[in-house]
Amino acid sequence: MADETPVLYLRGIQRRYRQGTDTLDVLKGAELAVWAGESIALIGPSGAGKSTLLHVAGLLEHQDEGEVYIAEAPTSELPDHERTRIRRTQIGFIYQFHHLLAEFSALENVMLPQMIGGLPRGEARARASELLSYLGLRDRLKHRPAELSGGEQQRVAIARAVANAPRLLLADEPTGNLDPRTSAHVFGALTQLVRASGLAAIIATHNMDIAQKMDRRVTLRDGLVVEVE
Ligand code: ADP
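Residues numbered from 1 in each chain as written. Predicted model: local features only at pLDDT ≥ 70, side-chain atom pairs only at ≥ 80, totals over all residues. Heavy atoms only, no water.

Student: Account for the nonpolar core, with residues named and values stated.
Tutor: Ranked by size, the top nonpolar core spans 38 residues in total, and within it Val 110, Leu 132, Val 156 and Leu 169 carry the most contacts. Listed by contribution, the elements that provide at least two residues to this core are β3 (39–43), α3 (106–116), α4 (121–134), α5 (150–162), β7 (168–172), α6 (180–197), β8 (200–204) and α7 (208–212). Once residues within four sequence positions are removed from consideration, Leu 132 is found in contact with Ala 106, Leu 107, Val 110, Leu 137, Arg 138, Leu 141, Val 156 and Ala 159. Leu 59, Ile 70, Ile 202 and Leu 220 belong to the second largest nonpolar core, which has 30 residues in total. (Core = buried A, V, L, I, M, F, W, Y, C linked by side-chain atoms within 4.5 Å. Buried < 20%, exposed > 50% of the residue type's maximum accessible area, 1.4 Å probe, protein only. Helix = DSSP H or I, 4+ residues; strand = E, 2+ residues; numbered from the N terminus. Contact = heavy atoms within 4.5 Å.)

Structure follows, in structure tokens:
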């Protein structure tokens with residue numbers, strides 16, 4: 001059964017950076033499993049290694065030791081083009097700043113990753129329209145990012161991240177630059193989507209109100225993932 005297999009399993013992840021003549025051990029054997037439909041808040045102070053963990057989990061960075069399993073398949077020995085394919089087809093990213101394409105409408109921003117993935121324009125448009133409507137942006141489809149509020153831009157970024165129906169959603173402070181009310185609103189939309197679509201999600205956040213609403217909370221302590229209440 002699919003549910004017996006985590007969507008993401010991080011096993012013994014070590015990651016170190018060279019800083020001048022020193023090495024900084026950021027992850028020292030981090031372990032984490034995330035199942036479908038589960039949302040995990042990744043909390044902890046700046047510099048603890050949250051972004052590093054998300055980059056390794058999202059195959060954007062190579063770990064030094066350990067293994068990243070996506071749906072049971074180990075990824076560390078795969079060639080770059082295979083890692084890129086997995087990233088494109090199975091993983092969605094949301095960043096603190098939306099990185100939407102300024103020249104394109106909300107609808108087009110959500111259509112593009114699907115068309116790059118090979119979906120015909122009509123189908124991409126239908127799915128983009130459905131997702132944006134689900135996120136409360138039915139009346140904003142034709143707007144360009146500059147014509148949208150911060151919260152609306154971030155909801156477009158959420159729609160774009162899930163447009164290709166990934167299994168895993170990774171978000172790095174997705175509401176970090178929004179005011180608390182907008183942040184709560186955007187976050188509500190995000191968790192609703194995670195539950196409805198059966199995604200597995202890890203969301204790094206400083207916002208404890210948001211973290212409390214998620215299924216589990218973890219933090220990084222001395223390079224290891226530990227569960228918190
Ligand atoms: P967080 O997301 O929790 O703020 P990061 O994962 O961004 O933490 O960073 C963890 C530590 O690793 C920090 O001390 C940061 O300066 C360091 N670091 C991150 N990326 C690099 C890099 N590419 N080169 C050197 N040091 C880095």
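Student: Describe the site of the ligand, naming the residues involved and giving the relevant values.
Tutor: All residues in the neighbourhood of the ligand are listed as Tyr 17, Gln 19, Leu 24, Val 26, Pro 45, Ser 46, Gly 47, Ala 48, Gly 49, Lys 50, Ser 51 and Thr 52. In the environment of the ligand, an oxygen atom lies 3.2 Å from a nitrogen or oxygen atom belonging to the backbone of Ala 48. Taking Gly 49, its main chain carries an N or O atom lying 3.0 Å from an oxygen atom of the ligand. In the complex, the protein chains occlude 62% of the 560 Å² of accessible area that the ligand would expose alone. Sorting the residues of the shell around the ligand by element identifies β1 (8–19), β2 (22–34) and α1 (50–57) as the ones contributing at least two each. (Near = heavy atom within 4 Å. Polar contact = N/O pair within 3.5 Å; in protein donor to acceptor, adjacent residues only side chain to side chain. Areas by Shrake-Rupley, 256 points an atom, 1.4 Å probe, with all protein chains shown as cover.)

Student: How would you sum up the pattern of salt bridges? Please name residues and give values.
Tutor: Enumeration over the complete set of coordinates arrives at 10 salt bridges. For Arg 15, the salt bridge identified is with Asp 64, shortest N-O distance 3.3 Å. On the criterion of sequence distance, the pair formed by Arg 15 in strand β1 and Asp 64 in the loop between α1 and β4 (65–70) is long-range, its members being 49 residues apart. The class of Asp 64 is partly exposed, set by a relative accessible area of 33%. Through salt bridges with shared partners, a single network forms among Arg 15, Glu 61 and Asp 64. (Salt bridge = Lys/Arg side-chain N within 4 Å of Asp/Glu carboxyl O.)

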